[in-house]
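Architecture at a glance
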Amino acid sequence: MPALVLLGAQWGDEGKGKATDLLGGSVDYVVRYQGGNNAGHTVVVGDQKYALHLLPSGILSPGCTPVIGNGVVVDPSVLLSELSGLNERGVDTSKLLLSGNAHIITPYNVTVDKVTERFLGKRKIGTTGRGIGPTYADKINRVGIRVQDLYDESILTQKVEAALDIKNQVLTKLYNRRAIAVDQVVEELLAYAEKLRPYVADTVLVLNQALEDDKVVLFEGGQGTLLDIDHGTYPFVTSSNPTAGGACTGAGVGPTKISRVIGILKAYTTRVGAGPFPTELFDEDGEALRRIGGERGVTTGRDRRCGWFDAVIARYATRVNGLTDFFLTKLDVLTGWEQIPVCVAYEIDGKRVEELPYSQTDFHHARPVYEMLPGWNEDISKAKSFSDLPKNAQAYVKALEEMSGAPISAIGVGPGRDETIEINSFL
Ligand code: GDP
Ligand code: IMO
Ligand code: MG
C-alpha cells in the first residue's frame, strides 16, 4: 500500500506539477488534498505546456485516476473550464473523481476575498483573489457549501441564506457594496450540478480501497510548507494545510498509510505575495534569477520575489513534514554564477540562529548568514546521471542535502519530463 505525499518545501512554485507528472506514469491515483485554484502547476510534456490550477497533475497520465479530495476548495466554473480546455487538447478527463465533501468557492467568497484585501490596504496578504481564504473561513464557521449540497435545492437555498445573512450586512454596511441575492447564487450553483455529477464520488472510500488493493496513491500538495496556515509565516500564508498531515485530513487516509513524503525544493527561493523572506534579493542577481528561472506566477501573472537558497527553511520543512526525500528543482537556473551564496543560518538581533524562529517578530528581523559555494558554467540541462554534473554542481547538491536533513533523490535540470536526474527511486 504505497502512499506518497509530494509537497512544496518552500513558499510554493517549487515545481510540484513537473514532479507529480513525472511520477504520474507509475502511480494509480493522484490526489489534491488542499487548496484550490490559487495553485498554478506547470507541466511540460514534449512541446506541450499545461497550466493546471485545480486538477491534479496526474490528469496528464492516461493510466492514472485524478482525485480532488474533501480538503480542496472547488470553484465549479474554474473546474469545468479547466476540464473543457484539456478536452479540447485531446486529454481524457473522464476518470476524474470529485469528493462530495469538498467545499465550493461561491461567487460571494471571491467578492469577500477581493474586498477584504482592498480594505487591508498596506497590510494586505497579496492573495490570489480566488476566494480561497473566505471559503475555508465559511467551512470552519460551519456555513460552507459542499459539492453534495448542489443535489438538494432546498438544503442549498437554506445554506446560501445562512452564509449570506451576516455577509450581506458586512458588505452593505461596512464595505459599502451591494447585497448579494440568495436566489441568484442558488441559480448559478444549480447550473453546475449536472455537469459535475459524473465526477462526484465517495473519494475516501475509493482511496482506502485502492490502498488495500496495493495500488499506488500519490498526494499532490498545492502551495508550500511556509504558506501553511499552522506552520507557515502566519498571517502571510494561505488558508489550508499543505504540510504532510494535510494529506490525511484532506483525503481521509490515516497517517499509518503514508510511506514516503517528498519535499519539492527549488535550488534557490521564490515567494509570491507579501510576507517575510530573509534571502530576498533586490539587485541584479534577483533580477537574473527571475529572468532565467521564468519566475512569473502561473495563476496571477505576478513577478515572483527571488532570493538565494535558504537551508534554515529546508531543515524546517524536513521536520514539520517528516520528509523522507527531496526533489531538487531548477538547478540549471544557477548555471553561470561564479559563486553561489547559500543561507546557512540567520542573524537575529546580533545572535546566530540555526533554526526557524517561532516568533513572527524574530523572523521579520532575520538576516541571512551566507556561505559561498563555487559555481559552474557548463550546460547541465542534458545531464542524465549525478556523475554527468560538473564537480561544483555535484558539491552544491551535496552541500544542500547535508544542510537540509533528507536525501536529494532527484534533480531537475529543465522543465521537461525527461530533464530530470533520478538518484533514488521513489517507488
Ligand atoms: P508548482 O506550483 O510547484 O507546480 O511550480 P510552478 O509550475 O508554479 O513553477 C515552476 C516552474 O518551473 C514551471 O514553469 C516549471 O515548468 C519550471 N520547472 C520545473 N522544474 C524545473 C527545472 O528543473 N528546471 C527548469 N529550468 N524549470 C523547471
Ligand atoms: P502553487 O501550488 C505560490 C500565496 C499568495 C498569497 C498567499 C495567500 O502554484 O505553489 P491565497 O489566494 O491562497 O489566499 O493567497 O499564498 N499563494 C501561492 N504562492 N504558489 C502558490 O501555489 C500559491 N497559492 C497561494 O500569493 O501570498
Ligand atoms: Mg505554482
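Residues numbered from 1 in each chain as written. Chains lettered and ligands numbered in written order. Predicted model: local features only at pLDDT ≥ 70, side-chain atom pairs only at ≥ 80, totals over all residues. Heavy atoms only, no water.

This part takes up unusual backbone geometry. The omega angle of the peptide bond from Tyr-234 to Pro-235 is 5 degrees, so this bond is cis rather than trans. Following the sequence through the fold, Pro-235 ends up in the loop between β10 (217-220) and α8 (244-251). One non-glycine residue with positive phi stands out, namely Asn-176, at about 60 degrees. Its place among the elements puts Asn-176 in the loop between α5 (153-174) and α6 (182-196). Its identity is not glycine, yet Asp-349 carries a phi of approximately 50 degrees, on the positive side. Counting through the fold element by element, Asp-349 comes out in the loop between β16 (339-348) and β17 (351-353). (Helix = DSSP H or I, 4+ residues; strand = E, 2+ residues; numbered from the N terminus.)

What follows covers helix α2 (residues 76-88). With 13 residues, α2 ought to run about 18 Å at 1.5 Å a step, and its terminal C-alpha atoms sit 18 Å apart, in line with that. Those residues of α2 that fall on the buried side of the exposure criterion are Pro-76, Leu-79, Leu-80, Glu-82, Leu-83 and Leu-86. Down the axis of α2, the sector holding all buried residues measures 160 degrees, keeping them to one side. Buried positions along α2 lie against β4 (48-52), β5 (65-68), β6 (73-74), β7 (97-99), β8 (103-104) and α6. Looking one or two residues beyond α2, the residue adopting positive phi is Gly-90, at roughly 85 degrees. (Expected span 1.5 Å × (residues − 1). Buried < 20%, exposed > 50% of the residue type's maximum accessible area, 1.4 Å probe, protein only. Arc of directions from axis to C-beta. Contact = heavy atoms within 4.5 Å.)

Evaluation of the coordinates by the stated rule reveals 17 salt bridges. For Glu-295, the salt bridge is made with Arg-304, and the minimal N-O distance between the two is 2.8 Å. Of the two residues examined, Glu-295 and Arg-304, each falls in the buried class. Connected via shared salt-bridge partners are Asp-13, Lys-266, Glu-295, Arg-304 and Lys-330. (Salt bridge = Lys/Arg side-chain N within 4 Å of Asp/Glu carboxyl O.)

In the neighbourhood of ligand 2, 20 residues make up the surrounding shell, with Asp-13, Lys-16, His-41, Thr-128 and Thr-238 lying closest. Measuring from an oxygen atom of ligand 2, one finds a backbone N or O atom of Gly-126 at 3.4 Å. Here Thr-238 contributes a side-chain N or O atom positioned 2.6 Å from an oxygen atom of ligand 2. Here ligand 2 loses 97% of its free accessible area of 550 Å² to cover by the protein chains. A molecule is said to occupy a pocket when more than half its atoms come within 2 Å of that pocket's grid points, and by this definition ligand 2 occupies the largest pocket. A per-class count over the shell around ligand 2 returns six nonpolar, 11 polar and three charged. Two domains share the shell around ligand 2, each providing at least three of its residues, namely domain 1 (3-91 + 202-422) and domain 2 (103-198). (Near = heavy atom within 4 Å. Polar contact = N/O pair within 3.5 Å; in protein donor to acceptor, adjacent residues only side chain to side chain. Areas by Shrake-Rupley, 256 points an atom, 1.4 Å probe, with all protein chains shown as cover. 1 Å grid on protein atoms, 1.4 Å probe; cavity = no way out; pocket = protein on both sides within 12 Å on 5 of 7 lines; lining within 4 Å. Sits in = over half its atoms within 2 Å of the grid points. Nonpolar A, V, L, I, M, F, W, Y, C, P; charged D, E, K, R; others polar. Domains from an automatic or database assignment.)

For the rest of this paragraph, the subject is a nonpolar patch on the surface. A cluster of nonpolar side chains, Ile-166, Val-170 and Leu-174, forms an exposed patch at the surface whose accessible area comes to about 290 Å². Residue classification places Ile-166 among the exposed residues on the basis of a relative accessible area of 62%. (Patch = residues over 30% accessible without salt bridge, like charges linked within 9 Å, V, L, I, M, F, W, Y side chains within 5 Å.)

This next bit is on the domain arrangement of the protein chain. You can read the domains of the protein chain as domain 1 (3-91 + 202-422) and domain 2 (103-198). Here the C-alpha centroids of domain 1 and domain 2 sit 29 Å apart. With 26 residues of domain 1 in contact, the opposing surface of domain 2 contributes 18 residues. With both chains or domains summed, domain 1 and domain 2 bury close to 1,800 Å², and 64% of this area falls on carbon and sulfur atoms. When the area that domain 1 buries against domain 2 is broken down by residue, the three leading residues are Val-73, Pro-76 and Leu-80, summing to 30%. Our count for the contact surface shared by domain 1 and domain 2 stands at eight residue pairs in polar contact (both at pLDDT 80 or more). (Buried area = accessible area lost by both parts, 1.4 Å probe.)

Turning to the nonpolar core, a few remarks are in order. Counting 60 residues, the largest nonpolar core has Phe-219, Leu-289, Leu-331, Leu-334 and Tyr-396 as its most contacted members. With six residues, the single largest contributor to this core is helix α12 (residues 391-404). Those residues within four positions of Phe-219 in sequence are excluded, and the remaining contacts are Ala-3, Leu-4, Val-5, Leu-6, Val-31, Tyr-33, Ala-247, Ala-251, Val-253 and Ile-258. (Core = buried A, V, L, I, M, F, W, Y, C linked by side-chain atoms within 4.5 Å.)

By secondary structure assignment, the location of Lys-167 is in helix α5. Taking relative accessible area as the criterion, Lys-167 reaches 13% and is therefore assigned buried. In this structure, Lys-167 is in contact with Tyr-108, Asn-109, Val-112 and Asp-138, ignoring residues within four places of it in sequence.

Below, the discussion takes up the site of ligand 1. As a structural note, the neighbourhood of ligand 1 is formed by 19 residues, with Lys-16, Gly-17, Gly-40, Thr-42 and Asp-332 the closest of them. Interatomic distance of 2.8 Å between a backbone N/O atom of Gly-17 and an oxygen atom of ligand 1. One nitrogen or oxygen atom from the main chain of Gly-412 is found 3.2 Å from an oxygen atom belonging to ligand 1. Within the complex, 93% of the 590 Å² of free accessible area of ligand 1 lies under protein. Most atoms of ligand 1, that is more than half of them, are within 2 Å of grid points of the second largest pocket. Those elements giving two or more residues to the shell around ligand 1 turn out to be α1 (16-24) and β3 (41-45). Sort the elements by how many residues they give to the shell around ligand 1 and α1 lands first, with three residues.

For the rest of this paragraph, the subject is the coordination of the magnesium ion (ligand 3). Donor atoms from the polypeptide that bind the magnesium ion (ligand 3) are Asp-13 (OD) and Gly-40 (O), placed at 2.0 to 2.1 Å. Linking Asp-13 in the loop between β1 (3-8) and α1 with Gly-40 in the loop between β2 (29-32) and β3, this pair joins segments that are 27 residues apart in sequence. On the basis of relative accessibility, which here comes to 22%, the residue Asp-13 falls in the partly exposed class. We classify Gly-40 as buried; its relative accessible area is 11%. (Donors = N, O, S within 2.8 Å, 3.2 Å for Na, K, Ca; no water.)

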